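Given next are the chains, with one letter for each unit.
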Amino acid sequence: MNRDLRRAWIGFSVASAALLLSACSSGPAERNYSLPDTMCGLDLPENLYDPVFPPGSEKEVLDSFEKYGGLFAGRSCVIEVDGEVAIRSETTAGGDFQTVIAREGVTVEEAEGRPVAGEFEAMVWPGLAVAKAPCTVPVNSDHNMMEGFLVYLQVSHPKDDEESVEVLSRLIQPYMAAAIDGVPCEERAG
């Protein structure tokens, strides 16, 4: 093969490869909506919750912790992006990780979760983070309204399992701290 033909072939091969790569790669989709000022009504640094908001055009907050007078058990947060649930979070009185997993129908095994070090007992899986803490809220001397506080956070984004676990590992401890600050736990009084 002569030199000019070889150069033309190499140039064609490089241009073809570049064209193929650009056609096959779907660059990062865009987020065409603004992030909320808080995550489910909880004050957190935006850089912690930014990664759980997926690309899309329209965000709708269907339910948020901030609409409740106090953050006791049974509070919820649901955020949709383009009509699909992107973020779901709830608080419960007590319970354990397996209770949340079973109740939410999530297909993870407790043993496969990654413990997250910090103030609260916390575990993460791809798309799911759960944290719990002792929290007694008495009604009177004979009865407690709560004996334990648990929060879970289920997200659809990031899609990549490893990235999801990393993002949720950074988020769950501050998320739980912000959530439990709204609960009058005897253990945290003072």
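Residues numbered from 1 in each chain as written. Predicted model: local features only at pLDDT ≥ 70, side-chain atom pairs only at ≥ 80, totals over all residues. Heavy atoms only, no water.

### A short note on a negative patch on the surface
Definition in use: In this analysis, a patch consists of residues with relative accessible area above 30% that form no salt bridge, clustered at 9 Å for like charges and at 5 Å for the nonpolar side chains Val, Leu, Ile, Met, Phe, Trp and Tyr. Residue exposure ignores everything except the shown protein chains as possible cover, and the areas themselves are Shrake-Rupley values with a 1.4 Å probe. Whenever Lys or Arg places a side-chain nitrogen within 4 Å of a carboxyl oxygen from Asp or Glu, that contact is recorded as a salt bridge. Counting rule for charge: Lys and Arg are taken as positive, Asp and Glu as negative, and neither His nor the chain ends is counted. Here the site of a charge means NZ on Lys, CZ on Arg, CG on Asp, or CD on Glu. By the criteria applied, helices consist of DSSP H or I runs no shorter than four residues and strands consist of E runs no shorter than two, each listed in order from the N terminus. Categorising residues by exposure relies on relative accessible area from a 1.4 Å probe, with only protein chains included: less than 20% of the type maximum marks a residue as buried, more than 50% marks it as exposed, and the intermediate range marks it as partly exposed.
Taken together, the side chains of Glu-58, Glu-60, Asp-82 and Glu-84 make up a negatively charged region of the molecular surface. Considering the arrangement of structural elements, one finds Glu-60 in strand S1 (residues 59-63). The class for Glu-60 is partly exposed, based on a relative accessible area of 45%.

### A closer look at the pattern of salt bridges
Applying the stated rule across the entire model yields three salt bridges. Two residues, Asp-50 and Arg-31, come together in a salt bridge whose shortest N-O distance is 3.1 Å. Taken together, the residues span a long stretch of sequence, with Asp-50 in the loop between helix H2 (46-49) and S1 and Arg-31 in the loop between helix H1 (3-24) and H2 at a distance of 19 residues. In this structure Asp-50 comes out as partly exposed when scored by relative accessible area, which is 27%. On the basis of relative accessible area, Arg-31 is assigned to the partly exposed category, the value being 29%.

### Re the state of the cysteines
For clarity, the threshold we go by: Two cysteine sulfur atoms form a disulfide, by the criterion used here, when they sit within 2.5 Å.
A complete count under the given rule lists two disulfides for this structure. The disulfide partner of Cys-40 is Cys-77, and the gap between their sulfur atoms is 2.0 Å. Across the S-S bond of Cys-40 and Cys-77 the torsion is about -75°, and the bridge reads as left-handed. With Cys-40 in the loop between H1 and H2 and Cys-77 in strand S2 (residues 76-81), this residue pair connects regions lying 37 residues apart in the sequence. One exposure class covers both Cys-40 and Cys-77, and it is buried. Here Cys-135 pairs with Cys-185 through a disulfide, and the sulfurs are 1.9 Å apart. Every disulfide takes its handedness from the sign of the S-S torsion; for Cys-135 and Cys-185 that torsion is -90°, giving left-handed. Remark: Cys-185 occurs in the segment after helix H4 (161-180) and Cys-135 occurs in strand S6 (residues 128-140); sequence separation between them is 50 residues.

What is shown is where atoms sit, not what they do.
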